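Architecture at a glance
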Number of protein chains: 2
Amino acid sequence: MKGEFEFIEGIRTMFPSPEGVRGIGDDCAVIPQVQGQDTLVSTDMLVEGSHFLMEDISPYQLGWKSAASNFSDIAAMGGEPVGSFLAVALPKDLPEAWLDEFLKGYRDISNEYSFPLLGGDTTSSPDRLCICVTVLGKAPEGRSVTRSGAQAGDLVCVTGTLGDSAAGLQAILKEVSRTEEVPYLIDRHYLPTPRVGEGRILAADMGVHSMMDISDGVGSDLRHILEESRVGAEIDIRNIPLSCQLRTFCQRHGLDPVELALCGGEDYELLFTVAPEAEPSLEVEHTVIGRIVEGCSVRWTGSDKDYMGFRHF
Amino acid sequence: MKGEFEFIEGIRTMFPSPEGVRGIGDDCAVIPQVQGQDTLVSTDMLVEGSHFLMEDISPYQLGWKSAASNFSDIAAMGGEPVGSFLAVALPKDLPEAWLDEFLKGYRDISNEYSFPLLGGDTTSSPDRLCICVTVLGKAPEGRSVTRSGAQAGDLVCVTGTLGDSAAGLQAILKEVSRTEEVPYLIDRHYLPTPRVGEGRILAADMGVHSMMDISDGVGSDLRHILEESRVGAEIDIRNIPLSCQLRTFCQRHGLDPVELALCGGEDYELLFTVAPEAEPSLEVEHTVIGRIVEGCSVRWTGSDKDYMGFRHF
């Protein structure tokens, strides 16, 4: 294993700082502020054994996935990328090649979404790998889209399709045979694609009133918007967008795709509400799944099954 | 154990957001930027078994100490507090009372140094407690004091006294009897006092050319300034500031106080270099321990003992 300084020097070379920013190498990173902008910050921790198992996920996938949920949080506010900070506690017996692959995954998602690595911490762990990513974004002052702006009459929308990540996890845990739809679903679980570009486009539209990312399943995440906005919703379960890969997988394995879509986590799609007159001209692909109503409860229509009695897997 | 939402609501009440800032409760915290300011960011991870043992440190002390090294990083750049982010992975059997005490320690250091808690992550750990604190500060644009500005001729200075924290750790590990100097040294280890106010005063003085905080021992930390600034130094070991508590403790236990002062970690004092003409008027208590010279090596004078052959404890 390399020494700490050698290791940090290696990271410094692999992750150059953008012009005008002082990144890795001092007590703090230094990032110029701009009048009329807000700084957005989010942080997430992953611990081996709770959030991932070393034998199930490749180091490259883990590197990618470590940053994804944070980038998704910036997307959920409609933010623009600024940079990220990576803290890792490394077990002493972790092979150097493992770490190189992990950093490649982290670098690739950082480059893909233009979040440069600006600092972090490398330390040792007695046994389990522990990862904490903090991400900084920015948005025009007062124009971040929060969870609290939903208004009665708004349409409830989501980007992409839901449940693919949960199905991918099922495929991994149950070690199912690799039929044609499986690699897609596993990629959706291990290499999620936060909707950073989509979030910025949506945030620029004054008709978009509230937004968050779907990390625990739309069934449970929607409640955050409703509680913070003090409104209710009616959702038509038949409108929940499902990929054909998910449908095929569920048919093969006797699973209910709607259940995975409502209750499965880590989709990293966007859930937002928009004024009905603004919806048709939105420049982001999306699906209308229901609407915001007065009150404080959710009515799930379009199915006899009581999905929302279900909890996390 | 409380549910996650109840727990986060409790933290939200305990750590109110300052005026104009959106703290805990959305996908990201939102902090207004100000023209002419830089954002400073630092992150640190602590893992049970590597950085602390539950049986040696009280939850209150751990809460305090978790934030101290980060606040010290902001101090080291001469930054002003903005806020902090606390990510914790909690073992399932952690008593609620333990967590309450931990948060009290975190709240007290946050209030003491005016760093409001603006967000974080609470998640579960299979066994070991894992903590990651990210801290944000600000400084007038381009006026953060880095490690790279030391100039030949500068005086090398430190705030406070060195080695107390290392002596405190020895007292804890060796379970020595609680003679009168011991509580002071243990407090210096468990409840360190980052020099945030001092750092800001020093940074405002154009004569201060480089600065960092002493986290690994001045003997090893000084090298960072020298490497980044491409200079050398001459340090008179007789000038290293030692507390009388440290001297008493070392006399009692046959330890060398200078060794603890040079090689012991977690002092969280400031190490800085200043133009000789600016040094007498500095409005921060400090000790001159040497001077910066041309070249790339350190000469330790004033003792026959080869201290810098020593490494970490």
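Residues numbered from 1 in each chain as written. Chains lettered and ligands numbered in written order. Predicted model: local features only at pLDDT ≥ 70, side-chain atom pairs only at ≥ 80, totals over all residues. Heavy atoms only, no water.

Before going further, it helps to examine the sheet that holds strand β4 (residues 117-125) of chain A. The strand order across the open sheet formed by five strands is β4(A)-β3(A)-β5(A)-β2(A)-β1(B), and the pairing between neighbours is mixed. The strands lining the two open edges of the sheet, one partner per strand, are β4 of chain A together with β1 (29-32) of chain B. Sheet twist, expressed as the average angle between the axes of neighbouring strands with direction ignored, equals 15 degrees. Two strands pair when backbone bridges link them, and strand β3 (residues 80-91) of chain A and strand β5 (residues 130-140) of chain A are joined in this way by nine bridges, in the antiparallel orientation. What sits directly across from A87 of chain A, in β5 of chain A, is C132 of chain A. Strands in contact with helix α2 (residues 59-76) of chain A are β2 (37-47), β3 and β5 of chain A; relative to β5 of chain A, the strand with the most contacts, it is inclined by about 35 degrees. (Pairing = 2+ DSSP bridges. Helix = DSSP H or I, 4+ residues; strand = E, 2+ residues; numbered from the N terminus. Axes fitted to C-alpha atoms, helices over the stretch in contact; angles between N-to-C directions. Contact = heavy atoms within 4.5 Å.)

The next thing to look at is the confidence of the model for chain A. Chain-level statistics for chain A give a pLDDT mean of 93 and a share of 97% at 70 or above. Both confidence scores are given for the complex: pTM 0.93, ipTM 0.92. (pLDDT = per-residue confidence, 0-100.)

With that settled, the discussion passes to the interface of chain A and chain B. Contacts between the two partners involve 59 residues from chain A, matched on the other side by 59 residues from chain B. A per-residue breakdown of the area chain A buries against chain B is headed by D27, Q33 and M45 of chain A, which together make up 17% of the total. Applying the counting rule to chain A against chain B returns eight salt bridges. At the boundary of chain A with chain B, the tally comes to 26 residue pairs in polar contact (both at pLDDT 80 or more). Taken together, the residues of the side of chain A that touches chain B break down into 25 nonpolar, 19 polar and 15 charged. Of the strand pairs in this sheet, strand β1 (residues 29-32) of chain A and strand β2 (residues 37-47) of chain B are connected by four bridges, and their pairing is antiparallel. In the strand pairing of β2 of chain B, I31 of chain A is matched with T39 of chain B. (Buried area = accessible area lost by both parts, 1.4 Å probe. Salt bridge = Lys/Arg side-chain N within 4 Å of Asp/Glu carboxyl O. Polar contact = N/O pair within 3.5 Å; in protein donor to acceptor, adjacent residues only side chain to side chain. Nonpolar A, V, L, I, M, F, W, Y, C, P; charged D, E, K, R; others polar.)

By a simple turn and slide, chain A fits onto chain B: the slide is 0.0 Å along the axis, the RMSD is 0.0 Å, and the turn is 180 degrees. One copy is carried onto the other by what is essentially a two-fold rotation axis. Closest approach to the rotation axis within chain A is made by the C-alpha atom of Q35 of chain A, at a distance of 2.2 Å. Mapped onto chain B, 100% of the interface residues of chain A again fall at the interface, so both copies present the same surface. (Least-squares fit on C-alpha atoms with pLDDT ≥ 70 in both.)

What follows deals with the packing of aromatic side chains. Residue and element names in this part refer to chain A. For the coordinates displayed, the defined rule picks out eight aromatic pairs over all chains. Judged by centre distance (4.0 Å) and plane angle (10 degrees), the rings of F71 and F115 are stacked. Linking F71 in helix α2 with F115 in the loop between α3 (96-112) and β4, this pair joins segments that are 44 residues apart in sequence. Under the relative-accessibility criterion, F115 is labelled buried at 0%. Aromatic rings pair up to connect F71, Y113 and F115 into one cluster. (Phe/Tyr/Trp six-rings, centres within 6.5 Å; stacked < 30°, edge-to-face > 60°. Buried < 20%, exposed > 50% of the residue type's maximum accessible area, 1.4 Å probe, protein only.)

Moving on, we come to the sheet that holds β1 of chain A. Within the open sheet, the five strands sit side by side as β1(A)-β2(B)-β5(B)-β3(B)-β4(B). Their pairing is mixed. Strands with a single pairing partner mark the edges of an open sheet, and in this sheet they are β1 of chain A together with β4 (117-125) of chain B. For this sheet, the mean angle separating the axes of adjacent strands, direction not counted, is 15 degrees. Sheet contacts for helix α3 (residues 96-112) of chain B: β3 (80-91), β4 and β5 (130-140) of chain B; angle to β3 of chain B, the most-contacted strand, approximately 165 degrees.

A separate point is helix α4 (residues 164-173) of chain A. All names here are of chain A. In terms of burial, α4 is largely enclosed, as eight of its ten residues are buried. Restricting attention to buried positions, one finds in α4 the residues D164, S165, A166, A167, G168, Q170, A171 and I172. Note on α4: the residue one or two positions beyond its end, E175, has a positive phi of about 50 degrees.

Moving on: the side chain of R195 of chain A. Residue and element names in this part refer to chain A. Tracing the backbone through its elements, the reader meets R195 in the loop between α5 (182-190) and α6 (196-203). Residue class for R195 comes out buried when judged on its relative accessible area of 18%. Residues contacting R195, with those up to four places away along its chain left out, are A75, T159, R188, Y268, E269 and L270.

For the rest of this paragraph, the subject is the packing of α5 of chain A against helix α8 (residues 244-253) of chain A. Residues and elements named next belong to chain A. Running from N to C, α5 and α8 point in directions that differ by 115 degrees, and their axes come no closer than 9 Å. Between α5 and α8, the angle is such that the two are roughly perpendicular. For the pair α5 and α8, the crossing hand works out as left-handed. Residues V182, Y184 and L185 of α5 lie in contact with α8, whose contacting residues are Q245, L246 and F249. Its residues placed into classes, the contact of α5 with α8 shows five nonpolar, one polar and no charged. (Parallel < 35°, antiparallel > 145°, perpendicular 65-115°, else oblique. Left-handed = near helix turned anticlockwise from the far one by under 90°.)

Right, let's talk about helix α2 (residues 59-76) of chain B for a bit. All names here are of chain B. An ideal rise of 1.5 Å per residue puts 26 Å on 18 residues; α2 measures up with 26 Å between its terminal C-alpha atoms. Along α2, the sharpest change in direction is near 30 degrees and occurs at A68. Where α2 ends, the next residue or the one after it, G78, has phi of about 80 degrees, a positive value. (Expected span 1.5 Å × (residues − 1). Bend = angle between axes of the 7 residues up to and from the residue.)

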